[in-house]
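Next come the chains, spelled out residue by residue.
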Amino acid sequence: MVSFIILSCNRIRNNPGWDYFPDMFYSAAYKTNSPNPNFIDGMTMRVPASGTIPRGFTPFEYTIDAESRIKAGKELVNPILLNDESLARGKAVYITFCTGCHGISGEGDGHLFKSGLYPVKPRSLTAKTAIKLRDGEIYHSITLGFGAMGAHGSQIRPDDRWMLIIYIRSLQNGTKSISDIKKGGNN
């Protein structure tokens, strides 16, 4: 028994020892787009099962048209609580994604337009037409784009879009007060 212990202990770590299931330990890897004989269709990259969605993804079942935008305005309600944290986060998102076109005050006078880099004047977020929009319509516009504005749904997370709307409402009210946003907001 002493000889067994001496033979089984090895202080040289260059040899991992015995592989009891080498087919599991050294599995055959296939590149993503390479043919794969293990599947009937021969594809390595698999299509997700129908009806599945990735974790952290919220389906947005509206389309890019005026009717769908109005429908979103009627159906979607801002789920974010109006508080100082949501307003601050909305402001941070606005500064990151919106000021280049819409400007600091939301008048559509951002750097891209003023410098001549963007030929179409962005819409004012503080105009009467924007104030009349429901939160769901603004959310739809941010997600899928509207007019000359491109879609930002892939860049701005859903909760951040709602917080962005809270901040846009504060620009429309001309104040940073949560209570004034509640009075003037359109849900």
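Scroll up to find the structure this text is about.
Please read these numbers as outputs of a predicted model, since none were measured by experiment.

A. How the structure looks around a nonpolar patch on the surface. Taken together, the side chains of Trp-18, Tyr-20, Phe-21 and Met-24 present a nonpolar region at the surface, about 690 Å² in accessible area. Checked against the element boundaries, Trp-18 lands in the loop between α1 (2-8) and α2 (22-25).

B. The arrangement of the packing of helix α3 (residues 66-75) against helix α8 (residues 135-144) in detail. Here α3 crosses α8 at 130 degrees, and the two axes come no closer than 6 Å. Relative to α8, the element α3 is oriented oblique. Crossing angle aside, the handedness with which α3 passes α8 is right-handed. In contact with Ser-68, Arg-69, Ile-70, Ala-72 and Gly-73 of α3, α8 contributes Gly-136, Glu-137, His-140 and Ser-141. Of the residues assigned to the contact of α3 with α8, the class counts are two nonpolar, five polar and two charged.

C. Just the layout of surface pockets, in detail. Estimated volume of the largest pocket: approximately 640 Å³. Looking at the largest pocket, it is lined by 27 residues, and the ones nearest its centre are His-102, Arg-123, Leu-125, Phe-146 and Met-149. Mapped onto the lining of the largest pocket, the elements with two or more residues apiece are α5 (99-102), α7 (128-132), α8 and α9 (158-173). Grouping the constituent residues of the lining of the largest pocket by class yields 17 nonpolar, seven polar and three charged. Its volume calculated, the second largest pocket comes out at about 300 Å³. For the second largest pocket, the lining is made up of 20 residues, of which Thr-58, Phe-60, Tyr-139, Pro-158 and Arg-161 are closest to its centre. When contributions to the lining of the second largest pocket are tallied by element, the ones reaching two or more residues are α8 and α9. Top contributing element to the lining of the second largest pocket by residue count: α9, with four residues. Residue composition of the lining of the second largest pocket, by class: 10 nonpolar, six polar and four charged.

Thresholds applied
Residues numbered from 1 in each chain as written. Predicted model: local features only at pLDDT ≥ 70, side-chain atom pairs only at ≥ 80, totals over all residues. Heavy atoms only, no water. Patch = residues over 30% accessible without salt bridge, like charges linked within 9 Å, V, L, I, M, F, W, Y side chains within 5 Å. Areas by Shrake-Rupley, 256 points an atom, 1.4 Å probe, with all protein chains shown as cover. Salt bridge = Lys/Arg side-chain N within 4 Å of Asp/Glu carboxyl O. Helix = DSSP H or I, 4+ residues; strand = E, 2+ residues; numbered from the N terminus. Axes fitted to C-alpha atoms, helices over the stretch in contact; angles between N-to-C directions. Parallel < 35°, antiparallel > 145°, perpendicular 65-115°, else oblique. Left-handed = near helix turned anticlockwise from the far one by under 90°. Contact = heavy atoms within 4.5 Å. Nonpolar A, V, L, I, M, F, W, Y, C, P; charged D, E, K, R; others polar. 1 Å grid on protein atoms, 1.4 Å probe; cavity = no way out; pocket = protein on both sides within 12 Å on 5 of 7 lines; lining within 4 Å. Points joined across faces, edges and corners; volume = space filled by probe spheres on them.

Worth remembering: the numbers are spatial, not functional.
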